[in-house]
Amino acid sequence: MEKFTKHTGIGVPLRQSNVDTDQIIPAVYLKRITRTGFEDALFSAWRKDSSFILNQEPYSAGSVLVAGPDFGTGSSREHAVWALKDYGFKAVLSSRFADIFRGNSGKQGLLAAQVAQDDIELIWKELENAPGTEVTVDLESKTVVCGNIVAPFEIDDYTRWRLLEGLDDIGLTLQHEADITAYEATRPSFKPKTLPAKVS
Amino acid sequence: MGKTLAEKVWDAHVVRKGDGDGASAQPDLLFIDLHLVHEVTSPQAFEGLRLAGRKLRRPDLTIATEDHNTPTLDIDKPIADLTSRTQIQTLRNNCAEFGVRLHSLGDAEQGIVHVVGPQLGLTQPGMTIVCGDSHTSTHGAFGAMAMGIGTSEVEHVMATQTLSLKPFKTMAVNVEGTLRPGVSAKDIILAVIAKIGTGGGQGYVLEYRGSAIRALSMEARMTICNMSIEAGARAGMVAPDQTTYDYMLGRPHAPEGAEWDAAVEYWNTLRTDDDAVFDVEVDLDADTLEPFVTWGTNPGQGVSLSQAVPSPGDFGDENAKAAAERALQYMGLEAGTPMKDIRVDTVFLGSCTNSRMEDLRAAADIIRGRTKDPNVRMLVVPGSARVRLEAEAEGLDKVFKDFGAEWRFAGCSMCLGMNPDQLEVGERCASTSNRNFEGRQGKGGRTHLVSPVVAAATAVRGTLSSPSDLEPAPEPAAIRIDAA
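Residues numbered from 1 in each chain as written. Chains lettered and ligands numbered in written order. Predicted model: local features only at pLDDT ≥ 70, side-chain atom pairs only at ≥ 80, totals over all residues.

Enquirer: Explain the interface of chain A and chain B to me, please; I cannot follow it from the model alone.
Expert: Note on interface size: it is often stated as the accessible area lost on association of the parts. Across the contact, 56 residues belong to chain A and 73 residues belong to chain B. Elements supplying a minimum of two residues to the side of chain A that touches chain B: helix H1 (21-24), helix H4 (99-108), helix H6 (157-165), helix H7 (169-174) and helix H8 (177-185) of chain A. Tallied by class, residues from the side of chain A that touches chain B come to 22 nonpolar, 16 polar and 18 charged. (Contact = placed C-beta atoms within 7 Å. Helix = DSSP H or I, 4+ residues; strand = E, 2+ residues; numbered from the N terminus. Nonpolar A, V, L, I, M, F, W, Y, C, P; charged D, E, K, R; others polar.)

Enquirer: Help me out: how do you make sense of the packing of helix H3 (residues 79-87) of chain A against H4(A) in this one?
Expert: When two helices pack together, their arrangement is given by the angle between their axes and by how far apart the axes lie. All names here are of chain A. Contact geometry for H3 and H4: axes closest at 9 Å, N-to-C directions at 50°. It follows from the interaxial angle that H3 and H4 lie oblique. Crossing of H3 over H4 shows right-handed handedness. Here Ala80, Val81 and Lys85 of H3 come into contact with H4, specifically with Phe101, Asn104, Ser105 and Gln108. Among the residues making up the contact of H3 with H4, the classes are represented as three nonpolar, three polar and one charged. (Axes fitted to C-alpha atoms, helices over the stretch in contact; angles between N-to-C directions. Parallel < 35°, antiparallel > 145°, perpendicular 65-115°, else oblique. Left-handed = near helix turned anticlockwise from the far one by under 90°.)

Enquirer: I tried to follow the sheet that holds strand S11 (residues 235-237) of chain B on my own but got confused; where do I start?
Expert: Hydrogen bonds along the backbone pair up the strands of a sheet, which may run parallel or antiparallel. Residue and element names in this part refer to chain B. One open sheet holds the four strands; their spatial order is S11-S10-S9-S12, and the pairing between them is parallel. Looking at strand neighbours, the two that pair on one side only are S11 and strand S12 (280-285), the edges of this open sheet. Across the sheet, the mean angle from the axis of one strand to that of its neighbour is 20°, orientation sign disregarded. Taken together, the three bridges between strand S10 (residues 204-209) and S11 define a ladder with parallel strand orientation. For Glu207, the partnering residue across the bridge sits in S11 and is Met237. Each of strand S9 (169-176) and S12 touches helix H6 (residues 185-196); the most contacted strand, S12, lies at about 130° to it. (Pairing = 2+ DSSP bridges.)

Enquirer: Would you mind showing me how to read the nonpolar core here?
Expert: One recurring pattern in soluble globular proteins is that nonpolar side chains are buried together. By size, the foremost hydrophobic cluster in this structure holds 198 residues, and its most contacted members are A:Val66, A:Val92, A:Leu93, B:Ile188, B:Val347 and B:Ala363. The leading source of residues in this core is H6(B), at eight residues. Contact partners of B:Ile188, with chain neighbours within four places excluded, come to B:Val175, B:Ala212, B:Ile224, B:Leu284 and B:Leu289. (Core = buried A, V, L, I, M, F, W, Y, C linked by C-beta atoms within 7 Å. Buried ≥ 20, exposed ≤ 12 C-beta atoms within 10 Å, placed from the backbone.)

Enquirer: Can you walk me through the environment of B:Arg326 in this structure?
Expert: All names here are of chain B. With respect to the secondary-structure elements, Arg326 resides in helix H11 (residues 318-331). Residue class for Arg326 comes out partly exposed when judged on the 17 C-beta atoms lying within 10 Å of it. The spatial distance from the C-alpha of Arg326 to the C-alpha of Leu216 is 36 Å, given a sequence separation of 110 residues.

Here it is, written out as structure tokens:
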């Protein structure tokens, strides 16, 4: 995974709560078996509406999405994160993220920064009054800067550290393989196994 | 201080305790007892293993089925959509390469992954269960800790049979009292979500407790745990009891003989201690609960069926107000319209929420001897091939077909609009599924989430209806075909 320390890019105000993962990427795009190439799928239903924010210059070139509360609810599809990344987003700001979406973001190097709703409102106003304003998201200091607004954001320490270091999760876990093997030896024998297969 | 059920299951799976509070402190590493796999969220994970030269650590704790992207008609023919066919074929190739047990289309054990696990007896109390699907919470009905994960975590579990997880907070959802006739598990969970909101459970494992939960069957408990994710919760659980054991006994992968006794002894310890403290407690009164229905575009936007479409002005919070305005526009609804005046085009009975035998029986009991509204189409999609076979053995397929409903093959179908079973733009659907998001069941489709009996009553009247709104059926007993 690529290291993330600080990013500056055009902010996109998405004044909406409960942006679920079906909106971020509808199910019909989930038939593909690749991890990339989802940029056209991002918000595909909304992008057919010319007034949608990503259809307006200069927001269309944005890389920091500033959304309402409960972003990424619903389906566990990591395709939602891939689509945001493929479009060019590096960070999403929201006052509350769905757990699975936040987890998926952390694995893929998309920064999900939790910002207080009052600060989100200020950033929305700034981005709407001065379209094209850049937002800086600094993971070292856990702050967001937009015009004169400086706001703190929250992210769990472990995800922050992994993003800063660009570390692969599986590699980290496999350092503890001996612990896994030791645990496996203690599992009760009544726990089910899928093999050999039994059917009714 | 005692422990909650969730904490007990968690503690029993810690492979390696976390490092504490430092900036680079790794959280607890937990062992995963069962990994359920399907065609949509696994291809990139298998590919990741292949690229890194890694093995699948525990094929014997992994099982796959085809559900999200499978057709529910003509399943004996090649899948028409080439991309879908490729995705299914990719799962088959991957399972063959990595030694994963797979139940393919046409197999009697194929079906929605969350119907298949419990049906095979692979879902058991006290387990950790994951799947690249948010409705994995379903399995919590057995007192398992079951979580939906993304594809990166799917790959992580494949490679290590573990997950690094941050600790959860605990929430008790206390449902006391007795449900009235026509009110079911679906109404309980829709009411809970309306009460705490789509983000209310965020960061929590929910434990459903109280006399109303204890009185529910396993299938009803699965319906409730299934939708925990719609309240934002990471998991939902019910402590195992005799109802759980009765359901499991004799299933293909349930323990047998002395193993069964040892298992039950352990399972009996899986309940929240009397002196344990939940971080939050929420109460719901089962006695006064009515059939529930959603009016908006997230599962928290629901009301009792006897109520009217709310007005955005009813919401104090600015975001909720804006969300309500947008939802009413998308749903094509006027504030103040009685919910029961809303006419639907389609009724969908299916999904991992409500596609099991009890759901089909409950709906069949409503429509038996009645006539479908001629303007409504009804799709009945059993949760698994096994459910379909059992339903046919009871003659339920005939009840549905006589009524004018379409009797389909098993899969996720119209719940998520991935296969050809989709709503048209503007089409309105009463659906027993779990999500009423914009476009979820097809681009421009409008979804009202309901219970199986409300779905059935709605198919009779053509408008959102509860069973109590129906005229008595002409000859209810005469047409009944009971199981032999």
